[in-house]
Amino acid sequence: MTGEPILSVRDLTVQFDSGDGWRSVVEDVSFTLNKGEVLGIVGESGSGKTVTSRALIRLLPDRVSRIAGGCVDFEGRDVIAMSESALEDIRGGKIGMIFQNPTTHLDPVMRIGQQIAAGLMLHLGLRSRAARARTIELLDEVGFRDPERQVDAFPHELSGGMRQRAMIAGALSCNPSILIADEPTTALDVTVQAQIIELLRTLGRQRGLSIIFISHDLGLVADFCQRMVVMERGRIVEAGAVDDVIARPQHPYTIRLLHSQPGLTAPGSYFDLDGETKSRNETRPAPQGDATYLAIDRLAVAFSRKRSLGEILTRKPVRDLAAVDGVSLNLTRGEALGLVGESGSGKSTLARSVVGLVTPKSGEIQLDGKSLGKPGERQRGPWHRQIQMIFQDPVSSLNPKMTVGETLAEPLSVHRLCPPADVKDRVLGLMTEVGLEHDLLNRKPHQLSGGQCQRVGIARALSVEPEFLIADEPTSALDVTIQAQIINLLMRLRESRGLTMLFISHDLTVVRHLCQRIAVMQHGRLVETGSAEEIFDNPRQDYTRKLLAAIPRVARAR
C-alpha cells in the first residue's frame, strides 16, 4: 500500500562538460515517489537513469558536471539547495543507494564488516563494538549464512551475489526512508537475480521502504515495481502503472524495448526492432542431417587449488577442483545447441576445452569424425580455423592498442586467406556483414560502444570462415535492444553461412530463442538435455525448474 509522495522531482536538468561546452544529459525530468512504493526507471545505457539517481543525492563528479535546474523535494526540503553538511545526513542516513557493480564500490582492502560499521558509527553514533554487533544482525537479515564469520571477509572472498547482499546491508544500515537500487542484478545469474529481487521485496515490505529501482530489463521491473518511467536520451518519454505501460505502450521507444524481450517474440523468429506490431514467421534453420559434427566424450577438467596454511602444516593432500566432470555431448552439423547453467557450472570451461584454451584431464573431443588430440597432446592444426569463439566480455577480449581494421586484418594475414592488396576490402566486407559502419575502421575499443565491440568480436571470429562457432555469454553485458540486435545477427549468420553453434548463457529465454536443443549444466555435470520445447514445457530436473522459475514475468510471456 502506497501513501503520499515522499520525494518529488521537478524539471531536473543535469549537464556535463563535453569540452566544447555544457551538454544536457538529463533534461526536464519530473516524477514522484510515494511512501512504500517501488518505482522503476527503465532505459538503455546512456538514457540518463544513473545520472538522474545520483543527482537525487548530488552524488555527481565535481567540476565536469552540474545540476543546471530543477528541484528535488525530500520531506519538504530541496536537496539541490542543501549545504554539504546537511547532505551528509541525507546520504546514507535518509536515502540509501545500492550501486550497480559491488566490486568497484566496495573497498578491496577493508573487511565487509568494517565498511558497513563505518556508516553506523557516522550516522547513528554507535561505538565500535555496538556497530559490529549491528553489522552482524544486518548481514543475517540480508541472507548471509554465517554472518559472525563472514563479517570479517574481504570483498574478493565473496561471490557476486554475496557482495551485492553486503551492499544492500550497507545501504539499509541507517534505516533510510528511500532506497535507490541502480541495476543491482545486472551482473548476476538469473537465480541469484531472483533471490536479490525477493530480498529487496521482503525488506521493503518489512521496513516500509520507498524504492527507486533502475534497470534496462522490463521483466524485472514488471516483477518488482508498481509504477515505472521510461527514459530515452535524458528525457522521460512514458510513465504510468507497470501493467498499463507493458500492456498498452504508447511511445515507439517503449514498444521497441518490449519487442526486444525474448519471451515476447516467437522462438526462432527475428526480433522486430522497428517498433511495428506485425509478426514475423521466420523459422530457425534445421540441422543438416543426423551426422554428428562435434562429439565430446566423458570430458573432465580439473584445476589445481592452492594449499591453505593449515593444509601445509598438517601435510593434508589437496584435491583438485573439478570444473567439468565426465561430460558427454554431441552436436549435429548446422545445429544450434544452448548450454545453460549458473556461474561456476562449467559452461565456459567446457567451451574453452573445445577450442584448446584449457587442457582437459581426460576424455576426448572429435570434430567432424577426427580427434582433436588427447589431453596434453593437442597440436595446432586446420581445425583451429574450423572452430572460433566469441568471448563474454566484448571489450577485454579485444586488443586495446589495435584499431577495428587492424583487429580484423590480423587473422586474414596470419592464415594467409587473401592477398595483402585485398585485405582492406575483406575487412570492410566483414564489417558490413556484422552491421558495423565503415567509419569505425580506425577506432580503438575504448571508442566503441559495448554492442559495437561485440560486433567486432563476431567479425573477428568469422574472418577465418569457421564452420563451428562458440558464443560464450555474448549478450550478458548488453542492453536489451542491443542484445536483440546481436541475436538477430547470429541467427542471420547461421542461415547465410550454415554455421554450427554452441551458445552459452545463463538466460534460458535467450537460448530458447536461438537454439533447437538445450543442455543444462550444474556443478560441472550435465544434468539434462532435450529440445528447447521439452526443456521449457516439461523439465525433468529440479535445477532446470529452478532456472525456469527465476525468469522475470515479461520474459516468461508466450
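- Looking at an unreviewed UniProt entry, the chain carries the name Peptide/nickel transport system ATP-binding protein, with the source organism given as Bauldia litoralis.
- Within the UniProt record for the chain, the comment given under Subcellular location (unreviewed entry) is "Cell inner membrane".

## Comments concerning the overall build of the chain
Phase 1: Check the secondary structure of the chain and you find 22 helices and 20 strands.
Phase 2: Burial statistics for the chain: of 558 residues in total, 51% are counted as buried.
Phase 3: Within the chain, contacts between residues separated by at least 24 positions form 68% of all contacts whose residues are at least 6 apart in sequence.
Phase 4: By element, 47% of the accessible surface of the chain is carried by carbon and sulfur atoms, the whole surface being about 25,800 Å².
Phase 5: Mean positive and mean negative side-chain charge positions of the chain (67 and 67 charges, respectively) differ by 5 Å.

## With respect to unusual backbone geometry
Phase 1: Positive phi, close to 55°, is recorded for aspartate 368, a residue that is not glycine.
Phase 2: Turning to its location among the elements, aspartate 368 is positioned in the loop between β14 (362-367) and β15 (370-371).
Phase 3: On the basis of relative accessible area, aspartate 368 is assigned to the partly exposed category, the value being 40%.

## Some points on the pattern of salt bridges
Phase 1: Going through the model one piece at a time under the given rule, you end up with 21 salt bridges.
Phase 2: Of the charged contacts in the structure, one is a salt bridge between arginine 235 and glutamate 27, with a shortest N-O distance of 3.2 Å. One end of the pair, arginine 235, is in strand β10 (residues 235-241); the other, glutamate 27, is in strand β2 (residues 22-34), and 208 residues separate them in sequence.
Phase 3: Since its relative accessible area comes to 29%, glutamate 27 is described here as partly exposed.
Phase 4: Glutamate 141 is the salt-bridge partner of arginine 207, the closest N and O atoms lying 3.1 Å from each other. Of this pair, arginine 207 sits in helix α8 (residues 190-207) while glutamate 141 sits in helix α5 (residues 128-141), placing them 66 residues apart in sequence.
Phase 5: Of the residues examined, arginine 207 reaches a relative accessible area of 25% and is grouped as partly exposed.
Phase 6: When salt bridges that share partners are traced, they join Arg58, Glu84 and Arg91 into one network.

## Some words on the packing of aromatic side chains
Centre-to-centre distance and the angle between the planes together describe a pair of aromatic rings.
Phase 1: Under the definition given, this model contains two aromatic pairs.
Phase 2: Here the aromatic rings of phenylalanine 213 and phenylalanine 224 are separated by 5.1 Å at their centres, their planes lie at 80°, and the arrangement is edge-to-face. With phenylalanine 213 in strand β8 (residues 210-215) and phenylalanine 224 in helix α9 (residues 218-224), the pair connects residues that are 11 residues apart, well separated along the chain. In this structure, phenylalanine 213 and phenylalanine 224 share a single accessibility class: buried.
Phase 3: Each ring, one from tyrosine 293 and one from phenylalanine 468, has its centre 6.2 Å from the other, and the planes form 80°; the classification is edge-to-face. Placement of the pair is tyrosine 293 in strand β11 (residues 292-303) and phenylalanine 468 in strand β17 (residues 468-472), with a sequence separation of 175 residues.
Phase 4: A relative accessible area of 1% places tyrosine 293 in the buried class.
Phase 5: Taking NZ or CZ as reference, arginine 512 lies 4.5 Å from the ring centre of phenylalanine 536, over its face.

## Some points on the sheet that holds β15
Phase 1: Strand order in this open sheet of four strands is β12-β11-β14-β15, and the pairing throughout is antiparallel. Of all the strands in the sheet, just β12 (321-332) and β15 have a single pairing partner and so form its edges.
Phase 2: Note that β11 and β12 share nine bridges and pair antiparallel. Note that in β12 the partner of phenylalanine 303 across the bridge is leucine 321.
Phase 3: Contacts between helix α13 (residues 347-355) and the sheet are confined to β11, β12 and β14, with β11 contributing the most and set at about 115° to the helix.

## As for the nonpolar core
Phase 1: Core analysis: the largest hydrophobic core is formed by 83 residues, its most contacted members being Leu7, Phe31, Ile168, Ile212 and Phe213.
Phase 2: With seven residues, the top contributor of residues to this core is helix α7 (residues 160-172).
Phase 3: When residues no more than four places from it in sequence are discounted, the contact partners of leucine 7 are Phe31, Thr32, Leu33, Leu56, Val72, Asp73, Phe74, Ile178 and Ile212.
Phase 4: Counting residues in each nonpolar core, the second largest holds 56 residues, with Val340, Leu412, Leu448 and Ile518 among its members.

## So, the environment of serine 304
Phase 1: Structurally, serine 304 can be placed in the loop between β11 and α12 (309-314).
Phase 2: For serine 304, a relative accessible area of 68% corresponds to the exposed category.
Phase 3: As a C-alpha pair, serine 304 and aspartate 320 span 16 residues in sequence and 4.7 Å in three-dimensional space.

## Quick look at the environment of serine 159
Phase 1: With respect to the helices and strands, the residue serine 159 is situated in the loop between α6 (147-150) and α7.
Phase 2: Residue classification places serine 159 among the partly exposed positions, given a relative accessible area of 43%.
Phase 3: Note: C-alpha distance between serine 159 and glycine 344 (185 residues apart in sequence) is 10 Å.

## Side note on the packing of α5 against α8
Phase 1: Contact pair α5 / α8: the axes reach a minimum separation of 12 Å and the direction vectors enclose 120°. Comparing their axes, α8 and α5 come out oblique. In contact with Arg134, Leu138 and Glu141 of α5, α8 contributes Leu199, Leu203, Gln206 and Arg207.
Phase 2: Its residues placed into classes, the contact of α5 with α8 shows three nonpolar, one polar and three charged.

## Side note on the confidence of the model for the chain
Where the model shows low pLDDT, its predicted coordinates should not be examined in detail.
Phase 1: When the pLDDT values of the chain are averaged, the result is 87; 90% of them are 70 or greater.
Phase 2: For the chain, the element scoring lowest by mean pLDDT is helix α22 (residues 553-556), at 61; β10 scores highest, at 97.
Phase 3: Scored below 50 in pLDDT, residues 276-283 shows 14 contacts in the model against residues more than four places distant or in partner chains.

## What about the pairing of strand β7 (residues 178-182)?
Note on strand geometry: in a regular strand, side chains alternate between the two faces of the sheet.
Phase 1: The buried fraction of β7 is high, at five of five residues.
Phase 2: Because side chains alternate across β7, one face comprises the buried residues Ile178, Ile180 and Asp182, and the other comprises Leu179 and Ala181, equally buried.
Phase 3: Strand direction decides the pairing type here: strand β6 (residues 95-98) and β7, joined by four bridges, are parallel. Directly across from isoleucine 95, in β7, lies its bridge partner isoleucine 178.
Phase 4: Alignment of β7 against β8, held across five bridges, turns out to be parallel.

Conventions we followed
- Residues numbered from 1 in each chain as written.
- Predicted model: local features only at pLDDT ≥ 70, side-chain atom pairs only at ≥ 80, totals over all residues.
- Heavy atoms only, no water.
- UniProt positions renumbered as here; feature names shortened; annotations may be inferred.
- Helix = DSSP H or I, 4+ residues; strand = E, 2+ residues; numbered from the N terminus.
- Buried < 20%, exposed > 50% of the residue type's maximum accessible area, 1.4 Å probe, protein only.
- Contact = heavy atoms within 4.5 Å.
- Areas by Shrake-Rupley, 256 points an atom, 1.4 Å probe, with all protein chains shown as cover.
- Lys, Arg positive; Asp, Glu negative; His and termini not counted.
- Charge placed at Lys NZ, Arg CZ, Asp CG, Glu CD.
- Salt bridge = Lys/Arg side-chain N within 4 Å of Asp/Glu carboxyl O.
- Phe/Tyr/Trp six-rings, centres within 6.5 Å; stacked < 30°, edge-to-face > 60°.
- Lys NZ or Arg CZ within 6 Å of the ring centre and 35° of its normal.
- Pairing = 2+ DSSP bridges.
- Axes fitted to C-alpha atoms, helices over the stretch in contact; angles between N-to-C directions.
- Core = buried A, V, L, I, M, F, W, Y, C linked by side-chain atoms within 4.5 Å.
- Parallel < 35°, antiparallel > 145°, perpendicular 65-115°, else oblique.
- Nonpolar A, V, L, I, M, F, W, Y, C, P; charged D, E, K, R; others polar.
- pLDDT = per-residue confidence, 0-100.

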